[in-house]
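# Residue-level structure breakdown
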Amino acid sequence: MIEARKLTKRLVDGKTVLADVDFTAERGQFTAVAGASGSGKSMLLKCLALRENWTSGRLLLDGEDVFKGGWKAKMRVKREIAYLEEKPDLNPNRTALKNALVGTRYQTPLWRRMIGSVRNDDYMGVMDVLEQVGLLDKAHMKASALSGGERQRVAITRALVHGARALLLDEPVTGLDPHSAERILTDLKAMCERGIAIVAVLSNLEWAEKFADRIVGLSEGRVVFDVAGRRLTGRERSML
Ligand SMILES: Nc1ncnc2c1ncn2[C@@H]1O[C@H](COP(=O)(O)OP(=O)(O)OP(=O)(O)O)[C@@H](O)[C@H]1O
């Protein structure tokens, strides 16, 4: 579904952060990205979501060459590929529900809703996703009162409500207690089974081995391994 070929990212000071990276993310697959601090994990996710410009390389979305496809293809990437930061950017004074609805048609004023220009489906859609991620009972709580894991789940809900078909998550469980981390990773796994592509930076290799279908290792901006369906060997671990 998402395919990066020979992705290279060089900074203005000439430093190469990603070098000739080949990377694919498939629908229904959970891919973990592992690597030491500064190895380029966040940059990889941001480039895939077009949050950062590429220096060179090709990005294919369902086989379509995005850079040749012009603004329409780029808009499609922005609509379908969501990048979620480690600390979700939520409005602390708004409820979980309102945060998840930001930018949807449901935000339209009441008078427009009354004349039928907004379908109630949007509202029900959010409630459905909140239920899937176990947050239905917290839908009307302010974001400031939610735990770190719950805020992550609101951000995931918002991305799915906006029609994301791929979630790129930067350290989604870093700093969470083991129970909350496991809950998020279990939810992500369930989303994969519904056809969403999940790519998550996971610094904890045990979590990566337990939940991911594939683990891609980065070191100094290069892919050093791409392993599916098995645990990492000692040699692979030492490459990070
Ligand atoms: N805007 C920027 N300006 C300067 N250097 C940057 C910028 N963005 C990233 N870098 C550098 O690029 C390299 C890769 O950064 P990146 O954030 O992708 O690393 P990472 O693997 O996600 O690290 P961490 O695990 O610490 O978050 C780092 O050396 C970082 O300092």
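Every chain is numbered independently, its residues counted from 1 as its sequence is written. Side-chain atom pairs in this predicted model are given and counted only at pLDDT of 80 or more, local residue features only at pLDDT of at least 70, and totals for whole chains, interfaces and linings cover all residues. In computing side-chain values, all of the structure's heavy atoms are included and hydrogens and water are not.

## Let's talk about the nonpolar core
Threshold: By nonpolar core we mean a set of buried residues, namely Ala, Val, Leu, Ile, Met, Phe, Trp, Tyr and Cys, connected to one another through side-chain atoms within 4.5 Å. Think of it in three bands: with a 1.4 Å probe and only protein chains considered, a residue is buried below 20% of the maximum accessible area for its type, exposed above 50%, and partly exposed in between. The helix and strand labels rest on DSSP assignments: H or I over at least four residues marks a helix, E over at least two residues marks a strand, and numbering proceeds from the N terminus. Should any heavy atoms of two residues lie within 4.5 Å, those residues are considered in contact.
Ranked by size, the top nonpolar core spans 47 residues in total, and within it Phe30, Ile156, Leu167, Leu188, Met191, Ile198 and Leu202 carry the most contacts. The element best represented in this core is helix α7 (residues 178-193), accounting for six residues. When near neighbours in sequence (up to four residues on either side) are disregarded, Leu202 contacts Phe30, Ala32, Val33, Ala34, Pro172, Val173, Leu185, Trp207 and Ala208. Counting 32 residues, the second-largest nonpolar core is a separate cluster that includes Phe23, Val33, Cys47 and Val216.

## Let's talk about the pattern of salt bridges
The condition that has to hold: A carboxyl oxygen of Asp or Glu within 4 Å of a side-chain nitrogen of Lys or Arg is what we treat as a salt bridge.
Throughout the structure, instances matching the rule amount to 19 salt bridges. Close ionic contact of Arg58 with Asp65 constitutes a salt bridge, the shortest N to O distance being 3.0 Å. Residue classification places Asp65 among the buried residues on the basis of a relative accessible area of 12%. Here Arg76 and Asp62 are joined by a salt bridge, their closest N and O atoms 2.5 Å apart. With Arg76 in helix α2 (residues 70-80) and Asp62 in the loop between β4 (56-61) and β5 (64-65), this residue pair connects regions lying 14 residues apart in the sequence. When its relative accessible area of 18% is taken as the criterion, Arg76 is described as buried.

## A short note on the side chain of Lys41
Just so we agree on the cut-off: Positive: Lys, Arg. Negative: Asp, Glu. His and the chain ends are not part of the count. Two N or O atoms form a polar contact when they lie within 3.5 Å of each other; inside protein one atom must be a possible hydrogen donor and the other a possible acceptor, and for residues adjacent in sequence the pair counts only when both atoms belong to side chains.
Inspection of the secondary structure puts Lys41 in helix α1 (residues 41-48). No salt bridge is formed by the buried Lys41. Its closest oppositely charged neighbour is Glu171, at 4.8 Å. Among the polar contacts made by the side chain of Lys41, one reaches the main-chain carbonyl oxygen of Gly35 at a distance of 3.1 Å.

## Comments concerning the pairing of strand β1 (residues 2-10)
Applicable threshold: Two strands form a pair only when DSSP identifies at least two bridges running between them.
Sheet analysis places β1 next to strand β2 (residues 16-25), joined by six bridges and oriented antiparallel. Counted as the bridge partner of Glu3 is Thr24 from β2. Between the end of β1 and the start of β2, which pair antiparallel, lie five residues, with Gly14 showing a positive phi angle near 95°. Sheet topology places β1 next to β4; five bridges connect them, and they run antiparallel. Residue pairing for β4: Ala4 is matched across the bridge by Leu59.

## Re α7
Applicable threshold: Given a helix with a known number of residues, its expected span is that number minus one, times 1.5 Å. This arc describes the spread of directions from the helix axis toward the C-beta atoms.
Its 16 residues place the ends of α7 23 Å apart at the C-alpha level, agreeing with the 22 Å of an ideal helix rising 1.5 Å per residue. Buried residues of α7: Ser180, Ala181, Ile184, Leu185, Asp187, Leu188, Met191 and Cys192, and no others. One side of α7 holds all its buried residues, which, seen down the axis, span an arc of 155°. Among the exposed residues of α7, those oriented more than 90 degrees off its buried face are Pro178, His179 and Glu193.

## Topic: the environment of Val21
With respect to the helices and strands, the residue Val21 is situated in strand β2. By relative accessible area, which is 1% here, Val21 ends up buried. Apart from the residues lying within four places of it in its own chain, the contact partners of Val21 are Ala4, Arg5, Lys6, Leu7, Leu44, Gly221 and Val223.

## Some thoughts on the packing of aromatic side chains
Here is the rule: Pairing of aromatic rings covers Phe, Tyr and the six-membered ring of Trp, with a centre-to-centre limit of 6.5 Å; geometry is then stacked below 30 degrees between planes, edge-to-face above 60, and tilted otherwise.
In the structure shown here, the tally under the stated rule is two aromatic pairs. The interplanar angle of 75° and the centroid separation of 5.1 Å between the aromatic rings of Trp54 and Phe67 together place this pair among those described as edge-to-face. Of this pair, Trp54 sits in the loop between α1 and β4 while Phe67 sits in the loop between β5 and α2, and the two are 13 residues apart along the sequence. With relative accessibility at 32%, the residue Phe67 sits in the partly exposed group. Seen in terms of ring centroids, Trp207 and Phe211 are 6.0 Å apart; in terms of plane orientation they differ by 45°. Their pairing is tilted. Taken together, the residues span about one helical turn, with Trp207 and Phe211 both in helix α8 (residues 205-211) at a distance of four residues. In this structure, Trp207 and Phe211 share a single accessibility class: buried.

Function-wise, these values are silent; they only describe arrangement.
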